[in-house]
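# Close look at the chain arrangement
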Amino acid sequence: MIRRVLYIAHNTFREAVRDRVLYNLVIFALLMIGAAILFGQISVGIERIVIINLGLSAMSIFGALIAMFIGIGLVSKEIEKRTLYTLLAHPVRRWEFIAGKFAGLAGTLAVNACLMGMGVYAALWYVAHRLTSGDVSLLGAMYCIVLQLVIITAVALLFSSFASPVMAAVYTFALFVIGSFDQDLHAFAGLAHGATRWLAMAAAYAVPNFASLNFISSAAHGIGAGPKLLALNSAYAAVYCVTALAGATAVFERRNLK
Amino acid sequence: MSRVHRGRVGIACRVAIVLGLAGVIVFSRAAASAAPHSDAENVLIVSSPRVIHRLCLGYSGLIADLYWTRAVQYFGRTHAERGTGYRLLAPILTIATELDPKLTIAYEYGAVFLAQKPPEGAGEPESAVALIRRGIEQNPGNWRLYYTLGFIYGMELKDYGSAAEAFAQGAQIPGAHPWMRVLSASMAEHGGDPETAHYMWTQMYQSATEDMLRNNAEQHLRSAEAQVDLSRLQHMIAAYRAETGHPPASLAALVRPGYLYRLPKDPTGQYYRIDAHGRATVQHPGDFPFLEIDEKTDPVLAMARKP
Amino acid sequence: MSAAIEIAGLSKQYSVGFWRKRPRIALQPLHMEVQRGEVFGYLGHNGAGKTTTLKLLMGLIFPTAGSARVLNLDIGDPAMKERIGFLPEQPYFYDYLTAPELLTYFAQLSGINAGNRERRVRTALIRVGLRGIDRLQLRKFSKGMLQRVGLAQAILHDPEVVILDEPMSGLDPIGRREVRDLIQSLKDDGKTILFSTHILSDAESLCDRVAVLQKGRLRVVGRVSELTASVQGRMEVTWRDAPAEALGGLAVENRAGGDCIRSVVLEAELDAALQALRRARGRLISVTPIRRSLEQYFLEQGDTETNLGRDNEPRLQFQTSETPPFDTERIAELAK
Ligand SMILES: Nc1ncnc2c1ncn2[C@@H]1O[C@H](COP(=O)(O)OP(=O)(O)OP(=O)(O)O)[C@@H](O)[C@H]1O
Ligand SMILES: [Mg+2]
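Conventions and cut-offs
- Going along each chain's sequence as written, the residues are numbered from 1 onward.
- For naming, the first written chain is A and the first written ligand is 1, with later ones following in the order written.
- Per-residue local features of the predicted model are confined to residues with pLDDT of at least 70, and side-chain atom pairs are confined, for both listing and counting, to 80 or more; whole-chain, interface and lining totals are unaffected and use all residues.
- In computing side-chain values, all of the structure's heavy atoms are included and hydrogens and water are not.
- Any residue with a non-hydrogen atom lying within 4 Å of a molecule or strand is treated as near it.
- Between N or O atoms, a polar contact is any pair within 3.5 Å; within protein, one atom must be a potential hydrogen donor and the other a potential acceptor, and residues adjacent in sequence are included only when both atoms are from side chains.
- Only the protein chains shown count as cover for residues, and all accessible areas are computed by the Shrake-Rupley method using a 1.4 Å probe.
- Secondary structure elements are defined from DSSP: runs of H or I of at least 4 residues count as helices, runs of E of at least 2 residues count as strands, and each element is numbered from the N terminus.
- Coordinating donors are taken as N, O and S atoms within 2.8 Å of the metal, stretched to 3.2 Å for Na, K and Ca; because water is absent from the atoms, sites can appear incomplete.
- When accessible area is computed with a 1.4 Å probe and restricted to protein chains, residues below 20% of their type maximum are described as buried, those above 50% as exposed, and intermediate ones as partly exposed.
- Any two residues whose heavy atoms approach within 4.5 Å are treated as being in contact.
- Computed with a 1.4 Å rolling probe, the buried area is the accessible surface lost when two parts are put together, summed over both parts.
- The rule for a salt bridge is simple: a side-chain nitrogen of Lys or Arg has to be within 4 Å of a carboxyl oxygen of Asp or Glu.
- Three categories are distinguished: nonpolar for Ala, Val, Leu, Ile, Met, Phe, Trp, Tyr, Cys and Pro, charged for Asp, Glu, Lys and Arg, and polar for the others, with Gly belonging to the last.

Below, the discussion takes up the site of ligand 1. All names here are of chain C. Neighbouring residues of ligand 1: 15 residues in total, closest Asn-46, Gly-47, Lys-50, Thr-51 and Thr-52. Gly-49 places a main-chain nitrogen or oxygen 2.9 Å from an oxygen atom of ligand 1. Side-chain polar atom of Glu-166 to an oxygen atom of ligand 1: 3.2 Å apart, as the coordinates give it. Summarising the interface, the protein chains cover 72% of the accessible area of ligand 1, which totals 640 Å² for the free molecule. Of all the secondary structure elements, the ones that give two or more residues to the shell around ligand 1 are strand E1 (5-16), strand E2 (22-34) and helix H1 (50-57). Of the residues forming the shell around ligand 1, the biggest block, three residues, is contributed by H1.

This is the structure in structure tokens:
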């Protein structure tokens, strides 16, 4: 059972890698090298900040795009192109498929983020010729980016369990944008009254809270997220993913394949 | 077997969804409370509205609305915490109005709350005037902005000449309410009179389109009424003291000698009382945020100063 | 021992339309059995419901009503899938894998232990006639090559029951023969094969029994020989030395060639025709049953589907789905 999930995860990872997903790393590397050289030369005292902001933002944006498009591509495509037929003709349960896909995609994103993270550190080392203890706080911010990406993957899986690939991409992207403004959604809810308040509240909690997983700008100023916050955010991401995947499985389990 | 299996997975999923949603709420709240309280500050790392304008990629209207909501939220939260520093209010309002120069509510509301004295406002009437002037520049056909401008000149800056001028200019605009002229005249002639103030707040109360502005006006009116009552009570207390040689123990003491027919109530229906310094006051000062005691003309204080 | 596949009232109804959902019946309640060790052909026009049935059996879609068991296990039971192989129609696989990688992946999922995987994958590839493609990614495969990969994955884990949806489609003539040989060899290994097709010569030469599906309704089930035997119902009588009109109205068709006249008569009227010939002093040369192919039968089915719609007209001496389940003896009896 777990073994089959792992096989599916491994296959997903392999397919993503062969689909040239990791090519984004090239662009990323160019970006980092360019920024490092440029800011290393004109040194205006903010090269560290720029590298961190740029590096982590690129990590998050690339990651989010990959999570959305590969996540949806690999799942809806399996349904659309009917590669699932042969897969499910083997002793694979549908929830194992969902779980395996999720694990494989999350793994791909984690590896991708790891490599990017190393790129950021390399660029930092290049501009400052040393790493300070403050740079350790970057790890927390990077970890939270990975949490974000994992949540996006789960959401993408949920949507692709019932929507067409294009619509799944649209929904996921919308949720990503709304989720980035989740604190404002909470604020709206706080200002509203009666039924509107409850609806807005429900929406604010249902939407993934990407804003509170974003520590990019504070990391740039050397302020890390504390261990308690990291633990709580991890728990939040885990619970959110489980919920989304349970939803995906519930839908998928009773779906007639095209 | 298969149906059973499917059923079991279905039930497991549903249980996971319900527990998961509960968990999402729990951890979301926990993480929010553990996070440093810095959303508004972070939001303002980019402080030039023009830069933001460009960063918005054409969605500036939406972002402006967002900033406007943030301004309300920020003000509401600081106010609820009885905080005194509203230092971010002006920049947030600037960003919101710069992103969407036609967002007139932001000028109106923002100016009123920027101008008022802390803790009911930021106490920055100058930035309020600047904000509203920018609003007028962008929206020259909106007479309500002139009204707000005149209001701030008259009520906060006590610059009755400028106030009268603002009202007069606003009155020129087609569609302006007729009482703009009245306001202009009364500003010019009786700028500092309490009756003028009362009239202006009444107009504000009646014409405000926003709950927050209306509530604010109501608090002003209430405070003004209580102020008139208290001022009369102070005079009675001073007279009582002059007559009997000792201060009244309570307001009830003023009824017997005939100063009062009955115990007076404030606009919220509570009885007035006498505080530890022997002065008349309201039961719940929180209901009357704009109550001011003019120390110079207060008869009780004058008496206390005279041995 | 129970039958390999038992289908009891399986039916599928889709609802189509965005606002007003209308039902669209893909499969009427179906009762059918496939015996162990049998090669069973599943015939029907485009849109008859063949794929629907096979997908229902594989648990890819869920029935509106009814149930089915494969190897005495309920469909959808994952244990069943370890003992069953399936080739979907127009199979498609992961773009970026090679055929051996894909098969290894499926072997892992089927629980074939690591020691055997490699060998199984090799054998399967050879059996379907794929050689020299070890490094080619599947997206570069031709249609027929993909079909072969599909066949390979269906037989990879040595399943007892193999279900193939149009196994010959997309193959060249050599490929068709290879698949026929493959099916034959699976049968020789004692496997049960259920395959759908509308290429009737394939079914005719391979199948022990066939079922004919029409517009989601099972029309007929039977041995191929019985089916063709019964369907013909016509004889060709060849004679000479008598005028062509000798048979009068009995002849459905007359054709003169050289000295001989060949007439087609209905089987039931053969005796009368022979008597008439004798009276006319014609010389009988031969009487041969006309073996019409399933193809013709099939076409006839299509042509006369409105006729068939006139319920239960005993034009075909076969059981139809209205009287399930079928009974071979009775069919044989009727065929006589
Ligand atoms: N997802 C669906 N929604 C609605 N109707 C469907 C769906 N899938 C199949 N059908 C209908 O079910 C009927 C049977 O389709 P099926 O694919 O089983 O035919 P088939 O016998 O396999 O035909 P072919 O020989 O062309 O492969 C068709 O009328 C088809 O329109
Ligand atoms: Mg088909």
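Moving on to the coordination of the magnesium ion (ligand 2). All names here are of chain C. Here the magnesium ion (ligand 2) is held by the protein donor atoms Thr-51 (OG1) and Glu-89 (OE), which lie 1.8 to 2.5 Å from it. Of the two residues, Thr-51 is situated in helix H1 and Glu-89 in the loop between strand E6 (84-87) and helix H3 (99-109); the sequence distance between them amounts to 38 residues. Residue Thr-51 is classed as buried on the basis of its relative accessible area, which comes to 18%. Using a relative accessible area of 26% as the deciding quantity, one classes Glu-89 as partly exposed.

All names here are of chain C. One non-glycine residue with positive phi stands out, namely Asn-72, at about 65°. Structurally, Asn-72 is set in the loop between strand E4 (65-70) and strand E5 (73-74). Its identity as a non-glycine residue notwithstanding, Gln-90 has a phi of 45°, on the positive side. Checked against the element boundaries, Gln-90 lands in the loop between E6 and H3. Under the relative-accessibility criterion, Gln-90 is labelled exposed at 53%.

Contacts between the two partners involve 26 residues from chain A, matched on the other side by 28 residues from chain B. Note on chain A versus chain B: buried area summed over both sides is about 2500 Å², and carbon and sulfur give 74% of it. Linking chain A to chain B there are zero salt bridges. Only helix H8 (182-191) and helix H11 (227-253) of chain A provide two or more residues apiece to the side of chain A that touches chain B. Ranked by the residues each element gives to the side of chain A that touches chain B, the list is headed by H11 of chain A, at 14 residues. Split by residue class, the side of chain A that touches chain B holds 14 nonpolar, seven polar and five charged.

So yeah, pure geometry; function would need other evidence.
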